[in-house]
Amino acid sequence: ILPGRGWAEKGLMEVVTPHWGMGELQLLIPLMRSVVEQGKWILWISPPYLLYAPALVQAGINTEQVLVVKLDTSCKDALWSMEKALQTENCGLVLAWQNWLPTKVLRRLQLAADTGDTLGVLFKHHDSEHSPSPIRLKIEDSYSENAGFNESEVTVIKARGNFRSLSANINLYQQA
């Protein structure tokens, strides 16, 4: 359902989910593996939960190539870190948990990502119709009798170019 049938290599993407920790990172495991295989860094900015290194290692992600900006870091410092990481070619992926960022800041981060050929992923609780991000995904629980709470509905709600909204039910809780 993704434009080009895969993750973008650079730019800014938003993942909208009502609750963090409902399996949204499972979508990015193959992307994270690819980034570390290229010898690049992954920067986590203000993750809502402590990273569980054994799970990352089990998923094939070298934790020596993961940097974390802690949750208690000021918004100003977190955004500075994000912008600088997006501008460098040594960083292949920036994951950031920021609920609300002004349009001006989002545009600046998009420019930084384009400059550094880096992909930035913003995790948010609410969708903003006027966001300049070229790709927005929405993840929602989709309870069914057969799947229980294991499946989530993933919808591409915005993408650049000739695009129509697409959805898929995905098991986000399976082993990577």
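Given the structure is predicted, the values throughout are model-derived calculations rather than measurements.

## Regarding the overall build of the protein chain
Thinking step 1. Helices and strands together make up the secondary structure of the protein chain, namely four helices and eight strands.
Thinking step 2. Scanning the protein chain from its N terminus toward the C terminus, one meets helices and strands in the order β-α-β-α-β-α-β-α-β-β-β-β.
Thinking step 3. Buried positions account for 43% of the 176 residues belonging to the protein chain.
Thinking step 4. The long-range share in the protein chain, meaning contacts at least 24 apart out of those at least 6 apart in sequence, stands at 71%.
Thinking step 5. As displayed, the protein chain has an accessible area near 9,900 Å², and 50% of this comes from carbon and sulfur atoms.

## Brief notes about the pattern of salt bridges
Thinking step 1. Within the structure shown, the criterion is met by three salt bridges.
Thinking step 2. Between Asp-117 and Lys-10 there is a salt bridge, with the nearest N and O atoms lying 3.4 Å from each other. Highlighted residues: Asp-117 in the loop between helix H4 (103-116) and strand S5 (119-124) and Lys-10 in the segment before strand S1 (11-16), separated in sequence by 107 residues.
Thinking step 3. In this structure, Lys-124 engages Glu-14 in a salt bridge whose closest nitrogen and oxygen atoms are separated by 3.0 Å. Of this pair, Lys-124 sits in strand S5 while Glu-14 sits in strand S1, and the two are 110 residues apart along the sequence.

## Some thoughts on the packing of aromatic side chains
Thinking step 1. On inspection of all chains with the given rule, the structure shows two aromatic pairs.
Thinking step 2. Both rings, one in Trp-44 and one in Trp-97, keep their centres 5.7 Å apart while their planes meet at 15 degrees; by these two values the pair is stacked. On the criterion of sequence distance, the pair formed by Trp-44 in strand S2 (residues 41-45) and Trp-97 in strand S4 (residues 91-97) is long-range, its members being 53 residues apart.
Thinking step 3. On the basis of an interplanar angle of 15 degrees and a centroid distance of 4.7 Å, the ring pair of Trp-97 and Phe-123 is categorised as stacked. Placement of Trp-97 in strand S4 and of Phe-123 in strand S5 is noted, with a sequence separation of 26 residues between them. Like Phe-123, Trp-97 is buried.
Thinking step 4. Grouping aromatic residues by their ring pairs yields a cluster made of Trp-44, Trp-97 and Phe-123.

Reading the values: rules and limits
Residues numbered from 1 in each chain as written. Predicted model: local features only at pLDDT ≥ 70, side-chain atom pairs only at ≥ 80, totals over all residues. Heavy atoms only, no water. Helix = DSSP H or I, 4+ residues; strand = E, 2+ residues; numbered from the N terminus. Buried < 20%, exposed > 50% of the residue type's maximum accessible area, 1.4 Å probe, protein only. Contact = heavy atoms within 4.5 Å. Areas by Shrake-Rupley, 256 points an atom, 1.4 Å probe, with all protein chains shown as cover. Salt bridge = Lys/Arg side-chain N within 4 Å of Asp/Glu carboxyl O. Phe/Tyr/Trp six-rings, centres within 6.5 Å; stacked < 30°, edge-to-face > 60°.

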